[in-house]
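Take a look at the letters that make up each chain.
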Amino acid sequence: MKTIALVLVILFSTIGHAIDNGPAFADEKLQLRYEKIIAEVRCLVCQNQSIKSSNVFLAVDLRNEIKRLLSIGKTDKEIANYLVERYGEFVLYRPRFSGGRIFLWLAPAAFLVTGLFMMIKIVRKKTSLASDANND
Amino acid sequence: MKKKYAPIIVFVLMLPIFFVGLSRNKSELPSPLIGKIVPAFVLPSLIDPAVMINQANFNGRFVLFNVWATWCAGCREEHEFLMELSARDEISIIGLNWRDNRNDALNWLITLGNPYELSVEDKLGRTAIDWGVYGAPETFLINPQGVILYKHLGPLTERDWTLNFMPFLVTEQT
């Protein structure tokens, strides 16, 4: 009996430690915002996890801090700034659209346009060559 | 004829980007706090919790601000060097005990020695967040005006001290 109890305790202990026991906010809107933010903040201890999915105490501390900031009425943008001021841009999974990062956002579109332009040029050249050959 | 070389030229132009990007150590993140005034805090002294300490307590001189904990293996590793450094009287070391058990921390200082001129206790980790701490040990170099000059991640060694910290002391003091 004791062994079974022990096995059960070990099996379910992870559930006891799971990320946030229950919702952090009674208000559904706040809870949604909270979950969206923590999914996009990098856990710097375990760099390929968000603080939503990590149980390292720094992630727990940061979740608590974000909870506090939300409950005192800070906007998502203010919270992002708060984190970047302390941990740097790397803490956010989604780079912000400002400063040098604009290049990051615009580069794919720039590559696409350049590629299309080159493709059109090559196709035109090939077809004109082909038509030249037909004319001969 | 010129077109033939275009890919090579593009590749050569990209080389510096690869060189910079790949030689960077990804686990060491640059702190946005460098060049800024230290984040304000008020924390109890680790030795005597009745005494409150804030950043003004170490204004007016160069200090090392060392984040440590008894659960941190790297802190044990650097402890010997911190003892040596504090004995040399080159700089005062301020300790921030992060998310630790107070008794364990006091035991550590009693048995291994106390390199800190001042020790504060950050039980909840709030101050650590303000300082952008994400892994102990971390060591900040602060100038007399309270500006953070440099941040070192991981155990501090003699080599780090002479290579990365000393140059600041020399240039700022002259």
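All residue numbers refer to positions counted from 1 along the written sequence of the respective chain. By the order in which they are written, chains take letters starting at A while ligands take numbers starting at 1. The model is predicted, so local features are restricted to residues of pLDDT at least 70 and side-chain atom pairs to those at 80 or more, both for listing and for counting; the totals for chains, interfaces and linings are taken over all residues.

**Side note on the overall build of chain A**
Secondary structure elements are defined from DSSP: runs of H or I of at least 4 residues count as helices, runs of E of at least 2 residues count as strands, and each element is numbered from the N terminus. In terms of regular secondary structure, chain A is built from five helices and zero strands. In sequence order, the secondary structure elements of chain A are arranged as α-α-α-α-α. Exposed residues have 12 or fewer other C-beta atoms within 10 Å of their own C-beta, buried residues have 20 or more, and residues in between are partly exposed; the C-beta atoms are placed from the backbone. Taken over 136 residues, chain A has a buried fraction of 15%.

**A few points about the overall build of chain B**
Across its full length, chain B holds five helices and seven strands. Helices and strands in chain B line up, N terminus first, as α-β-β-β-α-β-α-β-α-β-β-α. A compact globule built from 174 residues would reach a C-alpha radius of gyration of about 16 Å, whereas chain B, at 20 Å, exceeds it by more than 25%. Projecting the C-alpha coordinates of chain B onto the three principal axes gives extents of approximately 80 × 40 × 30 Å. The buried share of chain B, taken over its 174 residues, is 33%. To get the radius of gyration, use the C-alpha atoms; to get the globule rule, take the number of residues to the power 0.38 and multiply by 2.2 Å.

**Some remarks on the interface of chain A and chain B**
Taken together, the contact pairs 13 residues of chain A with 11 residues of chain B. Elements with a contribution of two residues or more to the side of chain A that touches chain B: helix 3 (57–71) and helix 4 (76–87) of chain A. Considering every element that reaches the side of chain A that touches chain B, the biggest residue donor is helix 3 of chain A, with five residues. In terms of residue class, the side of chain A that touches chain B is built from eight nonpolar, one polar and four charged. With C-beta atoms placed from the backbone, a contact is any residue pair whose C-beta atoms sit within 7 Å. Here the nonpolar group is Ala, Val, Leu, Ile, Met, Phe, Trp, Tyr, Cys and Pro; Asp, Glu, Lys and Arg are the charged ones; every other residue, Gly included, is treated as polar.

**What to know about the pairing of strand 7 (residues 148–153) of chain B**
All names here are of chain B. As defined by bridge partners, strand 6 (residues 138–142) adjoins strand 7 across five bridges and the pair is classed as antiparallel. For Phe-140, the partnering residue across the bridge sits in strand 7 and is Lys-151. When DSSP finds at least two bridges between two strands, those strands are taken to pair. Between strand 6 and the antiparallel strand that follows it, strand 7, lie five residues; Gly-146 among them carries a positive phi value of about 85°.

**Some words on the sheet that holds strand 7 of chain B**
All names here are of chain B. Strand order in the open sheet formed by five strands is 5-4-3-6-7, with mixed pairing between adjacent strands. Lying at the two open borders of the sheet, with one neighbouring strand each, are strand 5 (118–122) and strand 7. Put simply, the sheet's adjacent strands are angled 20° from each other on average, direction ignored. Where strand 4 (residues 92–98) and strand 5 come together, five bridges link them in parallel fashion. Following the sheet pairing, Ile-94 is matched in strand 5 by Leu-118. Whenever a helix is involved, its axis is fitted only over the stretch in contact; in every case the axis is a line through C-alpha atoms, and angles between N-to-C directions fall within 0 to 180 degrees.

**Some thoughts on helix 4 of chain A**
One less than the residue count of a helix, multiplied by 1.5 Å, gives the span that helix is expected to have. Between its first and last C-alpha, helix 4 of chain A extends 16 Å over 12 residues, near the 16 Å set by a 1.5 Å rise per residue. Buried positions along helix 4 of chain A lie against helix 4 (126–130) of chain B.

**Brief notes about unusual backbone geometry**
Most peptide bonds adopt trans geometry, and most residues besides glycine take a negative phi value. Residues and elements named next belong to chain B. Between Ala-136 and the following residue, Pro-137, the backbone shows a cis peptide bond with an omega angle of -5°. Relative to the helices and strands, Pro-137 resides in the loop between helix 4 and strand 6. Positive phi, close to 65°, is recorded for Asp-89, a residue that is not glycine. Mapping Asp-89 onto the fold places it in the loop between helix 2 (73–88) and strand 4. Looking at Asp-89, the number of C-beta atoms within 10 Å reads 7, which means it is exposed. Its identity is not glycine, yet Arg-99 carries a phi of approximately 50°, on the positive side.

**Focus on helix 2 of chain B**
Given 3.6 residues per helical turn, the α-helix brings residues three or four places apart onto the same face. Residues and elements named next belong to chain B. The terminal C-alpha atoms of helix 2 lie 24 Å apart, and with 16 residues this matches the ideal 22 Å at 1.5 Å per residue to within 8%. Of all the bends in helix 2, the greatest measures close to 40° and is centred on His-79. Burial in helix 2 covers these residues: Cys-75, Glu-78, His-79, Leu-82 and Leu-85. Bend is computed residue by residue as the angle between axes fitted to the seven residues ending at the residue and the seven residues starting at it.

**Points about the confidence of the model for chain A**
When the pLDDT values of chain A are averaged, the result is 85; 89% of them are 70 or greater. Note on residues 14–18 of chain A: pLDDT is under 50 here. Beyond four places in sequence and across chains, it has one contact. Per residue, pLDDT captures the predictor's confidence, and it can take any value from 0 to 100.

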